[in-house]
Amino acid sequence: MNLLYTMLIENCGIAGIKGNNNVGMDLVISLKSLQHRGQEAAGIAITDKEMYLYKKVGLVEDIFKPHIIRNLSGNVGIGHVRYSTKGSSVSYNAQPFKVKTNRGDIAVAHNGEVVNADNLRNKLSNEGVVFSGTTDSEVIAQLLGRYLEIMKNPIKAIRKLMEMIKGGYSLVILINTQLFAVRDPYGIRPIIIGKYDNGYAVASESVVMDHLNGEMIRDMLPGEVIELTETGVNTLFIKEEGKAHCMFEWVYFSRPDAIIENKLSYYVRIRLGEILAEEKGIDADIVIPVPDSGRPHALGFSRKSGIPFEEGLMKNRYTTERTFIMPDSKTRDETLKKKLNPIKKILEGKRVVLCDDSIVRGTTMKKIVSLIKGSGAVEVHVRIGSPPIISPCYYGIDMKSRDELIAPDKSEKEIAEIIGADSVGYISIDGLARAIGIKQDFLCLGCVTEKYPVKVGNELLRGQKQLFDFATEKKVIMNEK
Ligand code: SF4
């Protein structure tokens, strides 16, 4: 999905480092390498003699100027880049969250979403806790502070926290000078462990270790809680309830150079394109990507189909205008064209396969198809490296309602008509799982199957049967008799 004005937006990125020397600059480097996961706000909590917190709205580079970095003093710290999935985009919702307790200071940074956050917030409010922001991340921090005061033991407090919060999350937690990391019981959101010459680190993506000139050790396990020390990483306990890794991390969210569960995202995306060509092949002259997200998918499609790969859309990386805040569709269209210039000489008279990773609302794809046709392409066939998104994400990705999605209750033919393409083809769920190389049972496929690994409202739980399934089964048994 391209970064224009109908976005399927990444959730957040987190990092934590326990070093032998100052880790301030290393945390800034880590956050810069996770910037693609959130561009609204960033923050760092670092402990020397006291815990120091600095967070602000903006990009990491703009927030952490040299005079700020000089104040980041300490051998242990955590950091966060934010895109808001719960809570509005204002500075008081930036992370990490710091809470003072009678056991000392704690700071928490969170990636994902807690589905029962509202209930927990109400409960805490009734007990007198005053919240400064509106996010589920603050609920986690306040809850942990509460349990720490009651239980007087960080490990017991974290265990209790995990019993209370439901959803997809990874956490980095600083309690005075102790650094902990937590992955949700299904491993929905990613987090890896690594080491480098200054100590040990955890981060949302392995790319952080590349930028620190270190190496990834492994992914944290679903439900695993670890403590990082100067000399290593200790697993404190594991509370696994299954495996349900978010398939969109490979399809789109993570950087192509990220390794998740031992799978390089770039290779997965190439494979998605190859399988797409097998499943939804078409006679055409060129394959082009929606830059940059659709590039590996298009490359895979081209390799498998033998149709030449071309760059038919040139992205202007230096335009910062944000199309989604433009007042009218004419201005938005003009801005889109400034950001994504169709190359007439490549497209004219061609039958084009246009590859991207996903379609959410379809409005941007419709405009891109129109740009390509307006540049003289005779046919545009859209090929998508994920199955149709038919239901919301409740675990930290910004797709909150069925109304905003194009795919529910529509065929590929109907979607093609809406976006003005000659055809649309999505990869199958089986093809997706084969491309990732992980069994469907071990992936979260909630937004493409409507079956979720963690219970949410009236949605179906993964493995749960719908009523008509029971009815059909009953009939089958009766007939057998
Ligand atoms: S519902 Fe979709 S986007 Fe959300 S965690 Fe599951 S696979 Fe990822």
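Numbering of residues starts from 1 in each chain and follows the order in which that chain's sequence is written. Thresholds applied to this predicted model are a pLDDT of at least 70 for local features of residues and 80 or more for the giving and counting of side-chain atom pairs; totals over whole chains, interfaces and linings are not thresholded and use all residues. Heavy atoms throughout the structure, all of them, feed into the side-chain values; hydrogens and water do not.

Engineer: Explain helix α6 (residues 154-164) residue by residue, including any values.
Structural biologist: All of the buried residues along α6 are Pro-154, Ala-157, Ile-158, Leu-161 and Met-162. One face of α6 carries all of its buried residues, which in axial projection span an arc of 135°. The criterion used for residue contact is that any of the two residues' heavy atoms lie within 4.5 Å. Helix and strand definitions follow DSSP, with helices as H or I runs of at least four residues and strands as E runs of at least two, each counted in order from the N terminus. As for α6, its buried residues are in contact with α5 (136-151), β7 (167-175), β8 (178-183), β12 (224-229) and β13 (232-238). Where α6 begins, the capping side chain belongs to Asn-153, and its oxygen is found 2.8 Å from the backbone nitrogen of Ile-155. To sort residues, take the accessible area from a 1.4 Å probe on protein chains only and compare it with the maximum for the residue type: under 20% means buried, over 50% means exposed, and anything in between is partly exposed. The reported arc concerns the directions from the helix axis to the C-beta atoms and nothing else. Counting of polar contacts relies on pairs of N or O atoms within 3.5 Å, with two restrictions inside protein: one atom must be capable of donating a hydrogen and the other of accepting it, and residues adjacent in sequence are counted only when both atoms are side-chain atoms.

Engineer: Outline the site of the ligand, supporting the account with residue identities and numerical values.
Structural biologist: In the region of the ligand, the neighbouring residues are Ile-188, Arg-189, Cys-246, Met-247, Phe-248, Cys-393, Tyr-395, Ile-397, Cys-444, Gly-446 and Cys-447. Residue polarity is assigned by list, with Asp, Glu, Lys and Arg as charged and Ala, Val, Leu, Ile, Met, Phe, Trp, Tyr, Cys and Pro as nonpolar; anything else, Gly included, falls into the polar class. A class-by-class count of the residues in the shell around the ligand yields nine nonpolar, one polar and one charged. Neighbouring residues are identified by heavy atoms, a residue being near a molecule or strand if any of them is within 4 Å of it.

Engineer: Help me get a handle on the packing of aromatic side chains, residues and values and all.
Structural biologist: Under the pairing criterion, centres of Phe, Tyr and Trp rings, with the six-membered ring standing for Trp, must be within 6.5 Å; the plane angle then separates stacked pairs below 30 degrees from edge-to-face pairs above 60, leaving the rest tilted. This model, assessed by the stated rule, comprises six aromatic pairs. Put simply, the rings of Phe-248, Tyr-252 and Phe-253 touch in pairs and so form one group of aromatic residues. Each ring is checked for a lysine NZ or an arginine CZ that lies within 6 Å of its centre and within 35 degrees of its normal; such an atom marks a charge sitting over the ring. Here the basic side chain of Lys-55 rests over the ring of Phe-97, its NZ or CZ set 4.3 Å away from the ring centre.

Engineer: Describe the sheet that holds strand β3 (residues 51-57), listing the residues and the values that go with them.
Structural biologist: We treat two strands as partners when DSSP finds at least two bridges between them. In space, the seven strands of this open sheet follow the order β3-β2-β4-β1-β10-β9-β11, with antiparallel pairing throughout. Edge positions in the sheet fall to β3 and β11 (215-219), since each has one partner strand and no second. Pairwise comparison of adjacent strand axes, ignoring direction, gives a mean angle of 15° for this sheet. Direction of pairing for strand β9 (residues 192-196) relative to strand β10 (residues 199-203): antiparallel, over a ladder of five bridges. When the bridges of β10 are listed, Lys-195 appears paired with Tyr-200. Structural elements are reduced to axes, namely lines fitted to C-alpha atoms, with helices fitted over the stretch in contact, and the angle between N-to-C directions of any two is expressed from 0 to 180 degrees. On top of the sheet, helix α1 (residues 24-33) reaches β1 (12-19), β2 (41-47), β4 (76-82) and β9; it is set at about 155° to β2, its chief contact.

Engineer: Give a detailed account of the pattern of salt bridges, specifying residues and quantitative values.
Structural biologist: Salt bridges are defined by distance alone: a side-chain nitrogen of Lys or Arg within 4 Å of a carboxyl oxygen of Asp or Glu. Inspection of every chain in the model, using the stated rule, returns 29 salt bridges. Across the pair Glu-224 and Arg-218 runs a salt bridge whose closest N-O atoms are separated by 2.8 Å. Here Glu-224 falls in the buried class, since its relative accessible area comes to 1%. The class of Arg-218 is partly exposed, set by a relative accessible area of 28%.

Engineer: Let's hear about the pairing of β13: which residues, and what values?
Structural biologist: In this sheet, β13 lies alongside β12 in antiparallel orientation, the contact comprising six bridges. Along β13, the bridge assignment pairs Leu-228 with Val-233. Where β12 folds back onto β13 in an antiparallel hairpin, the turn is made up of two residues.

Engineer: Give a description of the packing of α5 against α6 that names residues and reports values.
Structural biologist: With their axes 8 Å apart at the nearest point, α5 and α6 run at an angle of 135° to one another. The pairing of α5 with α6 is recorded here as oblique in orientation. Between α5 and α6 lies a crossing whose hand is right-handed. Taking contact as the criterion, the partners of Ile-140, Leu-143, Leu-144, Tyr-147, Leu-148 and Met-151 in α5 are, on α6, Pro-154, Lys-156, Ala-157, Ile-158, Lys-160, Leu-161 and Met-164. Working rule for angles: under 35 degrees goes down as roughly parallel, over 145 as roughly antiparallel, 65 to 115 as roughly perpendicular, anything else as oblique. By convention, the crossing between two helices is left-handed when the near helix turns anticlockwise from the far helix through less than a right angle, and right-handed when the turn is clockwise.

Engineer: Explain the side chain of Glu-113 to me, using residue names and the numbers behind them.
Structural biologist: In this structure, Glu-113 sits in strand β6 (residues 104-114). Within polar-contact distance, the side chain of Glu-113 engages the backbone nitrogen of Gly-396 at 3.5 Å.

Engineer: Give me the lowdown on unusual backbone geometry, citing residues and values where you can.
Structural biologist: As a rule of thumb, non-glycine residues mostly have phi less than zero, and peptide bonds are mostly trans rather than cis. Cis geometry marks the peptide bond from Gln-95 to Pro-96, where omega comes out at 0°. When you line up the elements, Pro-96 lands in the loop between β4 and β5 (97-101). Across the junction of Pro-291 and Asp-292, the peptide omega takes the value -5°, indicating a cis bond. Looking at the secondary structure, you find Asp-292 in the loop between β17 (286-289) and α10 (295-305).

Engineer: Residues and numbers for the sheet that holds β8, please.
Structural biologist: An order of β5-β6-β7-β8-β12-β13 is seen for the six strands of this open sheet, with the pairing classed as antiparallel. In this open sheet, the two edge strands, each paired with only one partner strand, are β5 and β13. With direction set aside, neighbouring strand axes in the sheet form an average angle of 20°. As judged from the five bridges shared by β5 and β6, these two strands associate in the antiparallel manner. From the neighbouring strand, Thr-101 faces β6, where its bridge partner is Gly-104. Most of the contacts of α5 go to β6, to which it runs at about 140°, and overall it touches β5, β6 and β7.

Engineer: Quick rundown of the packing of helix α4 (residues 117-126) against α5? Include the residues and the values.
Structural biologist: When two helices pack together, their arrangement is given by the angle between the helix axes and the distance between those axes. Close contact between α4 and α5 brings their axes to 10 Å; oriented N to C, the two are set at 50°. One finds that α4 runs oblique with respect to α5. Crossing angle aside, the handedness with which α4 passes α5 is left-handed. Contact residues: Ala-117, Leu-120, Arg-121 and Leu-124 in α4; Asp-136, Val-139, Gln-142, Leu-143 and Arg-146 in α5.

Engineer: Tell me about the nonpolar core, residues and numbers included.
Structural biologist: Within this scheme, the nonpolar core is defined by two criteria: the residues are buried Ala, Val, Leu, Ile, Met, Phe, Trp, Tyr or Cys, and they are joined through side-chain atoms within 4.5 Å. With 45 residues, the main nonpolar core has Met-247, Phe-248, Phe-301, Tyr-395, Leu-432 and Ile-436 as its most contacted residues. Every element with two or more residues in this core is listed here: α8 (248-253), α9 (265-279), α10, β20 (351-356), α15 (429-436), β23 (443-444) and α16 (446-449). Each domain's extent is set by a domain assignment, obtained either automatically or from a database. Per-domain counts for this core show at least three residues from each of domain 2 (263-436) and domain 3 (450-480). Once residues lying within four places of it in the same chain are set aside, the contact partners of Ile-436 are Met-247, Trp-250, Lys-263, Val-268 and Leu-443. Judged by nonpolar contacts, the second largest core, of 30 residues, contains Val-99, Ala-141, Leu-144 and Met-162.

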